[in-house]
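Structural overview
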Amino acid sequence: MMADQKPPSQGLFEDEFVREIASDSVLRNEISDVPSPPPSECINRRKIEGSLDTYSQEELDEAFRRLSYIKWIQKSNKAGWTEKNLNPLLAKVPEHLKGPVPKWRTIAEWRSSYEKAGRSVEALVPQHRKKGNRNQKVVNDSVYYWKAVEEKYMRKERMSIARVYRYYVDLITITNKNLVEGRIKPISKRAFYDRINKLPPYKVAVARYGKNYADRHFREVGVHVPSTRVLERVEIDHTPLNLILLDDELHIPLGRPYLTALIDSYSRCIVGFYIGYREPSYDAVRKALLNAMLRKEWVKNKYPAIKKDWPCSGKIEVLVVDNGAEFWSKDLEDACNAVVGDVQYNPVARPWLKPLIERFFSTVNQKLLNSIPGKTFSNVVQLKDYKPEQDAVMRVSTFMEVFHKWIIDEYHFEPDERETRIPIWTWNDGVAMYPPIQYDGLMSDRLIIELGMVRERTLRKTGVQFLGIYYSSPELSEYRKNAPSSGGKENLKVKVKINPSNLSCVYVYLDKEGRYIRVPSVDSTGYTEGLTLFQHQTNRRVARLLTRSRLELEHLAETRAFIDKRIKDDDFWGRKTKA
């Protein structure tokens with residue numbers, strides 16, 4: 001066994017030492033730092049070795065030293081490469097051949113390897129780098145290691161490696177309790193971590209996260225393939241904007257917005273976007289998809305200063321996303337399966353496979369936001385993370401108009417750096433050849449229902465309510481009269497779908513009838529006409545900030561304290577009535 005293996009003598013070459021070890025009947029897992037895993041299917045793989053420049057100078061010197069021996073013996077030896085013929089020659093090795101003289105069997109093997117490799121010098125390079133640690137480590141812990149891995153680590157509960165190691169040590173401790181001799185020594189925590197990290201990552205992902213996640217995470221993605229038509233491949237991503245938005249009237253800072261944008265790989269046109277205050281989420285993705293896939297005639301009506309059309313709309317064939325948590329939502333996947341041909345997940349840390357959207361975000365900062373001046377607020381509390389040297393300041397309505405106009409009238413009409421394409425013309429030419437499927441009429445309503453924000457609301461006599469806006473119709477009221485509430489509860493719950501681009505109506509699902517109906521807002525002022533969710537959230541934020549700014553906290557505290565003291569001082573309730 002390895003424990004009895006004697007170290008090689010000084011006259012023994014590394015080739016001979018390896019041969020002696022190979023002849024010993026030692027199991028693979030007894031000379032390896034990692035125990036052999038359970039039997040699995042072997043896969044033949046084509047291996048491409050490195051070139052000579054991948055070896056160290058010492059390794060190359062030794063290879064050429066061996067070659068010089070081979071060439072010298074080839075000139076002097078006219079017979080076979082046998083012990084009888086080689087030993088007399090090795091006894092009179094010339095001085096110019098450096099290093100210790102090898103044994104005849106060693107040099108015969110050098111020559112055999114050299115000839116089999118087509119006389120490649122690389123065959124003579126010492127294979128030190130392929131040797132493992134010859135000192136035997138723990139050899140009889142493998143059963144407990146695999147038991148811990150299979151029972152604790154390779155599970156959907158995703159137990160930490162530290163806890164798995166503790167379980168492994170406990171198994172060995174309990175076993176040693178019943179052993180008189182040959183006690184098992186557990187490996188160190190660091191060695192245990194190393195073993196875990198050497199497990200096949202795909203199998204680990206399947207066991208701990210499921211096959212769906214593993215297939216997506218390890219799916220091969222090739223280089224960026226040019227698209228052949230519009231909407232064949234669309235990239236989507238988020239970025240925070242170096243911008244602080246202000247309320248239009250009160251000039252109260254509302255915060256830093258996030259941009260979710262989609263870009264068509266074929267034409268480089270921006271097909272849709274969404275701007276909101278919250279960090280990227282499932283809702284932000286759905287809102288951006290709705291904006292991208294529906295027609296956009298409303299934009300010129302809302303912003304008359306825009307001169308050109310924004311014709312980008314239609315069904316997306318492949319949506320390319322990154323590995324953000326918002327893209328791993330099952331709800332989003334289900335919705336996309338109904339409206340998008342396929343969802344392609346970009347590998348982690350490979351932004352070059354999704355280059356167009358990253359480049360667009362850079363363009364937004366360089367060509368649009370950099371031109372907006374910064375501002376220093378007088379109230380330090382208002383600053384928060386605002387940096388006037390890099391963050392722009394603009395009113396909400398102004399920014400939304402400017403951003404739409406910049407995309408439609410400038411970005412889409414500027415040629416790329418090589419002047420090989422203009423996005424809007426490429427889009428129009430592509431549509432003329434392969435027009436994408438459009439969402440019109442009932443298909444448009446269906447898309448809004450599929451991608452709309454879903455909320456559960458209580459149906460009352462006033463209808464349903466969303467963010468302070470009430471929605472009602474005769475048909476909805478009639479449904480309330482005839483549909484009993486589930487579980488015998490007094491309140492009737494209904495599912496509501498909201499279009500973030502238009503809050504003038506919602507879609508309510510009538511569970512007993514199995515269909516959605518369109519319900520308009522109860523609005524006598526015209527507030528919700530053309531109102532977007534972003535605008536409504538901005539208005540509500542302004543109202544809250546204004547209310548908070550008018551709070552007189554000290555006055556309220558003093559008033560409450562006075563009332564409390566006045567009640568305690570009045571002992572009317574504590575006095576007893578005299579007889």
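Before reading on, note that the structure itself is shown above.
Overview of the structure. Because the structure is a prediction, the values reported are computed rather than measured.

We now examine the sheet that holds strand β13 (residues 505–510). Adjacent strands of a sheet pair through backbone hydrogen bonds, lying either parallel or antiparallel. If you walk across this open sheet you meet the four strands as β9-β12-β13-β14, and the pairing is antiparallel. Edge positions in the open sheet fall to β9 (453–459) and β14 (515–520), since each of these has one partner strand only. Neighbour to neighbour, the strand axes of the sheet diverge by 35 degrees on average, direction disregarded. Direction of pairing for β13 relative to β14: antiparallel, over a ladder of six bridges. Each residue of the ladder has a partner; that of Tyr-507, found in β14, is Arg-518.

Across all of its chains, the model carries 16 aromatic pairs by this definition. Measuring from centroid to centroid gives 5.6 Å for Tyr-145 and Phe-192, while their planes differ by 75 degrees, and the two rings are edge-to-face. You can see Tyr-145 sitting in helix α5 (residues 142–153) and its partner Phe-192 sitting in helix α7 (residues 189–197), a full 47 residues away along the chain. Like Phe-192, Tyr-145 is buried. The structure contains a cluster of three or more aromatic residues connected by ring pairs, namely Phe-273, Trp-310, Phe-360, Phe-361, Phe-399, Phe-403, Trp-406 and Tyr-411. Above the plane of the ring of Tyr-153 lies Arg-208, whose end atom (NZ or CZ) is 4.1 Å from the centre. Against the face of Trp-310 rests Lys-296, its NZ or CZ located 5.0 Å from the ring centre.

Here the focus is the pattern of salt bridges. Throughout the structure, instances matching the rule amount to 17 salt bridges. Of the charged contacts in the structure, one is a salt bridge between Glu-115 and Arg-119, with a shortest N-O distance of 3.3 Å. Relative accessible area serves as the criterion here: at 28%, Glu-115 is assigned to the partly exposed category. Among the ionic contacts, a cluster of salt bridges with common partners joins Glu-62, Arg-65 and Arg-66.

With that out of the way, let us pick up a nonpolar patch on the surface. A contiguous nonpolar patch, built from Phe-562, Ile-563 and Ile-567 and spanning about 340 Å² of accessible area, is present on the exposed surface. Along the polypeptide, Phe-562 turns up in helix α20 (residues 553–569). By relative accessible area, Phe-562 is classed as exposed at 55%.

Another point: the state of the cysteines. Under the counting rule described, the total for this entry stands at zero disulfides. Free cysteine Cys-312: the closest other cysteine sulfur is in Cys-269, separated by 4.1 Å. On the basis of relative accessibility, which here comes to 0%, the residue Cys-312 falls in the buried class.

Taken N-terminus to C-terminus, the directions of α5 and α7 make an angle of 65 degrees; their axes are 12 Å apart at the nearest point. α7 is crossed by α5, and the crossing has right-handed handedness. Between α5 and α7, the residues in contact are Tyr-145, Val-149 and Tyr-153 and Phe-192, Arg-195 and Ile-196, respectively. In the contact of α5 with α7, the residues fall into five nonpolar, no polar and one charged.

Turning to the nonpolar core, a few remarks are in order. By size, the foremost hydrophobic cluster in this structure holds 88 residues, and its most contacted members are Leu-262, Phe-360, Phe-399, Phe-403 and Val-508. For Phe-399, the residues in contact, after removing those within four places along its chain, are Leu-241, Leu-243, Leu-245, Ile-275, Leu-369 and Met-394. In terms of nonpolar packing, the next biggest core, distinct from the first, is built from 22 residues, Tyr-55, Leu-60, Leu-67 and Leu-124 among them.

Cut-offs used in this document
Residues numbered from 1 in each chain as written. Predicted model: local features only at pLDDT ≥ 70, side-chain atom pairs only at ≥ 80, totals over all residues. Heavy atoms only, no water. Pairing = 2+ DSSP bridges. Helix = DSSP H or I, 4+ residues; strand = E, 2+ residues; numbered from the N terminus. Axes fitted to C-alpha atoms, helices over the stretch in contact; angles between N-to-C directions. Phe/Tyr/Trp six-rings, centres within 6.5 Å; stacked < 30°, edge-to-face > 60°. Buried < 20%, exposed > 50% of the residue type's maximum accessible area, 1.4 Å probe, protein only. Lys NZ or Arg CZ within 6 Å of the ring centre and 35° of its normal. Salt bridge = Lys/Arg side-chain N within 4 Å of Asp/Glu carboxyl O. Patch = residues over 30% accessible without salt bridge, like charges linked within 9 Å, V, L, I, M, F, W, Y side chains within 5 Å. Areas by Shrake-Rupley, 256 points an atom, 1.4 Å probe, with all protein chains shown as cover. Disulfide = S-S within 2.5 Å. Left-handed = near helix turned anticlockwise from the far one by under 90°. Contact = heavy atoms within 4.5 Å. Nonpolar A, V, L, I, M, F, W, Y, C, P; charged D, E, K, R; others polar. Core = buried A, V, L, I, M, F, W, Y, C linked by side-chain atoms within 4.5 Å.

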